[in-house]
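# Observations on chain architecture
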Amino acid sequence: SGASPALIDEYLEEIHTDPHLREHLARTWVDNPKMRDAQLAYGRRIGWYALVRVLKPKMIIETGVHQGVGACVLTSALIRNRVDGSPGRYLGTDIDPGAGVLFTDRYAQEGEIAYGDLITTLSKISQPIDFFINDSDHSAEYESREYEIILPLLAKSSIILGENSHTNTILNDFSRQHGRSYLFFGEVPANHWYPGAGIGVSLSTIPLILA
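Bear in mind that the values here come from a model prediction, so they are computed numbers and not experimental data.

### Structural notes on the pairing of strand β4 (residues 129–134)
- With 6 of its 6 residues buried, β4 lies for the most part within the structure.
- Of the strand pairs in this sheet, strand β1 (residues 59–63) and β4 are connected by 4 bridges, and their pairing is parallel. Bridge pairing links I61 to F132 in β4.
- Where the polypeptide runs from β4 across helix α7 (residues 140–150) and back to strand β5 (residues 154–162), its parallel neighbour, the crossover connection is right-handed.

### Some words on the environment of A108
- Residue position: A108 is located in helix α5 (residues 105–108).
- Separated by 79 residues in the primary sequence, A108 and E187 place their C-alpha atoms 29 Å from one another.

### Describing the nonpolar core
- Membership of the largest hydrophobic core comes to 36 residues, with the highest contact counts inside it found for L21, L74, Y90, F131, I159 and L161.
- Looking at this core, the elements that each hand over two or more residues are α1 (5–16), α2 (19–31), α3 (45–55), α4 (69–83), β4, β5 and β7 (198–203).
- Those residues in contact with Y90, other than ones at most four positions away along the chain, are I60, E62, V65, A71, L74, T75, L78, F103, E110, G111 and E112.
- L122, I125, L154 and I170 belong to the second-largest nonpolar core, a separate cluster that totals 16 residues.

Cut-off values and rules
Residues numbered from 1 in each chain as written. Predicted model: local features only at pLDDT ≥ 70, side-chain atom pairs only at ≥ 80, totals over all residues. Heavy atoms only, no water. Buried < 20%, exposed > 50% of the residue type's maximum accessible area, 1.4 Å probe, protein only. Helix = DSSP H or I, 4+ residues; strand = E, 2+ residues; numbered from the N terminus. Pairing = 2+ DSSP bridges. Right-handed = clockwise from strand over helix to strand, strands pointing away. Core = buried A, V, L, I, M, F, W, Y, C linked by side-chain atoms within 4.5 Å. Contact = heavy atoms within 4.5 Å.

What follows is the structure, encoded as structure tokens:
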């Protein structure tokens, strides 16, 4: 990102200590009978948050909203960015009309969720995409298709996050093909049978700071 490690550490601590976000998610989680027995954690979304805080994107798109934890994390970063004088907007897409139950309150004021086909949604976008997150259909074919669809819409300085990069090389291959840099941040779970996932990051330029 071009930012100092100290600043990134500050943003990582910021999301961990955000009482409003934690309270909002916990309250909404418990109130929903489909989720109350599950555990809530930010997971890799902590990395999303730090990147949004440092890069100050004007347009964020997330494909695959699910319950909306990511949407709330991303828009909480946008709220702080706006206070810092760098406003942005969030657009989530999902084929499930019931997706995004957590995306309410102050967080929903920072963007919206479009339900339906991704291609139809993208056709209505009138501004460049600064920050794109692929977290929808995890088949290699569909993931590759998403990247090719958004390519003409990417801002000059843009970032793509792949949430399935621990299982395939699709984002890495796309980055190589289009002259973009690629990074991978892997999870290392402690004392757990799950080997961990990670975040694939495709960068248009380095340093990437947008504002």
